[in-house]
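# Descriptive analysis of the structure
For reference, the chains in residue letters:
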Amino acid sequence: MDLFDGNRKLEEVIFTGMDYALWSRHDIEGAFTPFMMLFKDEQRRLHRVVSAGDPNEMFEKMLQEDTETYDQIVMCFEGRVSHNGEKHDAIIVKGFDTSHPKGLLFVQRFRGKESGEGFEKLGNPALYSREEKLPTKLVARTSNKTIPEPYITGVTITKDNGLLRHTWYVGHSNASILSNIIFDTTLNIVERKETNFSGEIEFKFVPGMLKIGEFEKFIFSQLRKQVKKRAEVIQWENSFSKSLILDFVFEEEPEENKPEAASEKSSQPETPVNEYAGMSTEVLRGELRTTLSIPWAKNSPEGARRIAAMQAELERRSASSSTQVTEPDNNKEKKWWQFWK
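These lines cover the structure that appears in this document, whether it is placed above or below. (Residues numbered from 1 in each chain as written. Predicted model: local features only at pLDDT ≥ 70, side-chain atom pairs only at ≥ 80, totals over all residues. Heavy atoms only, no water.)

### Observations regarding the packing of aromatic side chains
- A full pass over the atoms with the stated rule returns 18 aromatic pairs.
- Note on Phe4 and Phe15: the rings are 6.3 Å apart at their centroids and 65° apart in plane angle, and the pair reads as edge-to-face. One end of the pair, Phe4, is in the segment before helix 1 (8-25); the other, Phe15, is in helix 1, with eleven residues separating them in the sequence. For the pair shown, Phe4 and Phe15 are each scored as buried.
- Among the aromatic side chains, those forming a connected cluster through ring pairs are Tyr20, Trp23, Phe32, Phe35, Phe110, Phe119, Phe215 and Phe218. (Phe/Tyr/Trp six-rings, centres within 6.5 Å; stacked < 30°, edge-to-face > 60°. Helix = DSSP H or I, 4+ residues; strand = E, 2+ residues; numbered from the N terminus. Buried < 20%, exposed > 50% of the residue type's maximum accessible area, 1.4 Å probe, protein only.)

### Focus: the environment of Leu105
- Take Leu105: it is sitting in strand 5 (residues 102-111).
- On the basis of relative accessibility, which here comes to 12%, the residue Leu105 falls in the buried class.
- Beyond its immediate sequence surroundings of up to four residues, Leu105 is in contact with Ile92, Val93, Lys94, Ala126, Leu127, Tyr128, Ser129 and Glu132. (Contact = heavy atoms within 4.5 Å.)

### A short note on the packing of helix 3 (residues 175-192) against helix 5 (residues 231-240)
- Where helix 3 contacts helix 5, the axes come no closer than 10 Å and their chain directions differ by 40°. Classified by the angle their axes make, helix 3 and helix 5 are oblique. Of the two possible hands of crossing, helix 3 and helix 5 adopt the one that is left-handed. Packed against helix 3, whose contacting residues are Leu187, Val190 and Glu191, the element helix 5 presents Glu232, Val233 and Trp236 at the interface. (Axes fitted to C-alpha atoms, helices over the stretch in contact; angles between N-to-C directions. Parallel < 35°, antiparallel > 145°, perpendicular 65-115°, else oblique. Left-handed = near helix turned anticlockwise from the far one by under 90°.)

### Quick word on the sheet that holds strand 6 (residues 120-133)
- The antiparallel open sheet is built from six strands, whose spatial order is 2-1-3-4-5-6. Bordering the open sheet on either side are strand 2 (43-48) and strand 6, each of which pairs with just one other strand. This sheet shows a mean twist of 25° between the axes of neighbouring strands, independent of strand direction.
- Direction of pairing for strand 3 (residues 72-83) relative to strand 4 (residues 86-97): antiparallel, over a ladder of twelve bridges. In the strand pairing of strand 4, His83 is matched with Glu86. (Pairing = 2+ DSSP bridges.)

Rendered as structure tokens:
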């Protein structure tokens, strides 16, 4: 069942709002300030509500006084919910597409920093309602309900010890979207139960597609914790006596642009460094093949430099090896919001 009726944009903004609410709460010892995200075309506005009253009333008042017409509206605030007979702190998120008279309400339980045990998401987001009344006028619109599909491609490399390591290149402008892709890809690998899988999965983020800040790093750190607590992951680790290792490689500033690197360059003679000399031929061929498959690689100076360096090293070795290119399992009917299940 598609909770969003094919409205991928509504999926994106709801879980972006939820992630931002979790981020707002993770390092404080009290309720975060309720906020509302307003989306128009590709623009987003964030409004916080500082009031001791019902945040829903304040949200509606702000919308009544606002003359702008929005495409999507997301409201986030903190509350308490019952779970297995106990009360839990929770993020409450309401999401609306203004072309539809009803919105959705999701709840995400969490344990706050004030518990003394550290901040942690508890369980998965739960859909509480599909009948939330649209807090503004209904708009006749069929556009702005889709999102660009995320980019993902990968290689499976056989290490010198015969074990497999999976490396994936992923890209999208939204960290919440990418976290789902990474989650789904990781579970697909675990569920294959490859006896020669080392447990190592590396996700390299395509440069220029996602701006990496503290918020984005928080999302992926929470993702790593969630993956490690999945029953199928725990079962795999116990069955094979191995540990699942997720490594996230974010885009970094080139060394030559860093102040300390520039200082060293001016004071020391240049010595060519072969950054691929330490790789086995098999790993190097896999790295080259993956880089060549990335759309931006050939057209960027850094990508072209890497390709040329790898090709030169392979020519020097005059050796041959192979890798297996893998693609995501697209046969599973799994929607983006199901990441949270």
